[in-house]
Structures are given as C-alpha cells and as structure tokens.
Amino acid sequence: MPPLRGPNVALRPWSTDFGDAVTLSRAWNDPDVVRWTTVPDDRSVEAARRWVGAEGARRDDGLAVDLVATEPGEPDRVHGEVGFVLVKPDRRWAEVGYWLFPEARGAGRATEALRLLTEWAIHDLAIRRLFARTNAANPAAGAVARLAGYDLAGALDGGVEVWVRDRPAG
Ligand SMILES: CC(C)(COP(=O)(O)OP(=O)(O)OC[C@H]1O[C@@H](n2cnc3c(N)ncnc32)[C@H](O)[C@@H]1OP(=O)(O)O)[C@@H](O)C(=O)NCCC(=O)NCCS
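Definitions and limits used
Residues numbered from 1 in each chain as written. Predicted model: local features only at pLDDT ≥ 70, side-chain atom pairs only at ≥ 80, totals over all residues. Heavy atoms only, no water. Helix = DSSP H or I, 4+ residues; strand = E, 2+ residues; numbered from the N terminus. Buried < 20%, exposed > 50% of the residue type's maximum accessible area, 1.4 Å probe, protein only. Polar contact = N/O pair within 3.5 Å; in protein donor to acceptor, adjacent residues only side chain to side chain. Contact = heavy atoms within 4.5 Å. Pairing = 2+ DSSP bridges. 1 Å grid on protein atoms, 1.4 Å probe; cavity = no way out; pocket = protein on both sides within 12 Å on 5 of 7 lines; lining within 4 Å. Points joined across faces, edges and corners; volume = space filled by probe spheres on them. Nonpolar A, V, L, I, M, F, W, Y, C, P; charged D, E, K, R; others polar.

A few points about the side chain of Thr-134
Within the fold, Thr-134 resides in strand β6 (residues 129-135). Accessibility expressed as a relative area gives 7% for Thr-134, which makes it buried. At 2.9 Å, the side chain of Thr-134 forms a polar contact with the side chain of Trp-163. For Thr-134, the residues in contact, after removing those within four places along its chain, are Tyr-98, Ala-141, Gly-142, Gly-159, Val-160, Glu-161 and Trp-163.

What to know about the pairing of strand β3 (residues 64-71)
Counting buried positions along β3 yields 8 of 8 residues, so the element is predominantly enclosed. Note: strand β2 (residues 10-13) against β3, 4 bridges, orientation antiparallel. Looking across to β3, one finds that Leu-11 is bridged to Ala-69. Two elements, β3 and strand β4 (residues 74-88), share 8 bridges in a ladder whose sense is antiparallel. Residue pairing across strands places Ala-69 opposite Gly-80, the latter belonging to β4. A loop of 2 residues connects β3 with β4, the two strands running antiparallel in sequence, and Gly-73 in this loop sits at a positive phi of about 80°.

Looking at the layout of surface pockets
Of the pockets and cavities examined, the largest pocket occupies roughly 1300 Å³. Lining the largest pocket are 41 residues, with Trp-36, Thr-37, Gly-97, Tyr-98 and Trp-99 sitting closest to its centre. Elements supplying a minimum of two residues to the lining of the largest pocket: α1 (20-28), α2 (31-36), β3, β4, β5 (93-100), α4 (109-123), β6 and α5 (139-147). Here the residues of the lining of the largest pocket are counted per class, giving 24 nonpolar, 10 polar and 7 charged.

Structure, rendered in structure tokens:
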C-alpha cells in the first residue's frame, strides 16, 4: 500500500509489532466501540493477537482491509481504526467502518482517516461504491461519513442511515 498520511492521521496495517494486540483488545472493550461496531465475543488480548496475525491474509485475499489510524510519524501512537469489507466482490462494493479511542475523538481524525481510506479505495483499488451504515442515535458517525464525501442514500429500520460514495464515472 502507498503511504496514506494526512496532517493529523497516518494509516498503516495492523501489525504484530507496536503492541497492537493490546491496543485492539482495549478498543474491543470500549463501551462506544462495543455499542456501535461489531466486536468479537472473545475480546481478550490473546484473541486480538490471533486477529492481528490473520489480518495480512484477509488483506491479501482482497476481501477486507483494516488499517490502524496513528499519529503521523508515530506508528505506535494509535488513535483508532478505519477499514472496509468487500460485500459484493463482483460489483466492487465495500462497506466501511471506523472507530477512535475516546481520547482521540473530537479533532477531525475520523474524518481524515475515512477520507484517506476512501480516496485510496476509489482511485487505487478500483472500488466502485463505498457505503457506511450509521445510526441516527450516533450522529458523530454520520457526520464523519458526510464530511468524508458520502451522501445520505436512505434510512432503514432502527434508525440506520446509509451513506454512499461512488467512484466517479469514466
Ligand atoms: C464515530 C467516531 C469515529 C467519531 O469520531 P470523531 O473524532 O468525533 O470524528 P471527527 O472529529 O472526525 O468528526 C466528527 C464530526 O461529527 C460532529 N459531531 C460530533 N458529535 C455530534 C453530534 N452529537 N451531533 C452532530 N454532529 C456531531 C463533529 O462536530 C464533527 O464534525 P465537525 O468537524 O464539522 O465539527 C467516534 O465517536 C467513535 O469512535 N465512536 C465509537 C465507534 C463508532 O461509533 N463508530 C462508527 C460506527 S458506524
């Protein structure tokens, strides 16, 4: 992957270096991350270590990309994660997800991270449609999608809002 870096966020793959398993386990136990994203039942450091160890294979098969959002130039200072899952591989449609640690929120980092991921996916990975599912009860998540260039495409049951960003035609 190319260097993905903005003024306040750099993206890198999850790694068995940098203490990432401990970091990920901490995130899986954050109440907001638990409430608004999908976390595994086993949220231990050991489970996180297994997940990080398998991450390269998931990326290599092209079906999912999960990237650590860090402070630029400080790869072990982790702010959060942004990633996507290819949900319709034949159509090149992917669903994005993101979270930050509480202390990293409120400074535009999630928006910057999602923008970096989105531009890379559209321009370099030939993803044709990216979408985010947020909840109206979690307005910051929807705001991040909107600020990263996604349009509100519709609302589903349970307050779920769907945000879409398409690759430009041509
Ligand atoms: C969602 C999350 C990533 C947002 O992080 P963040 O650091 O607040 O994101 P940013 O600072 O990049 O942008 C948030 C935007 O939402 C806005 N916002 C925050 N709270 C809001 C609220 N209650 N109502 C409306 N907008 C709100 C902010 O003002 C900001 O917009 P601005 O830059 O125009 O001021 C973070 O809250 C989080 O990790 N939550 C738990 C996991 C989660 O919900 N993930 C998304 C699942 S779909």
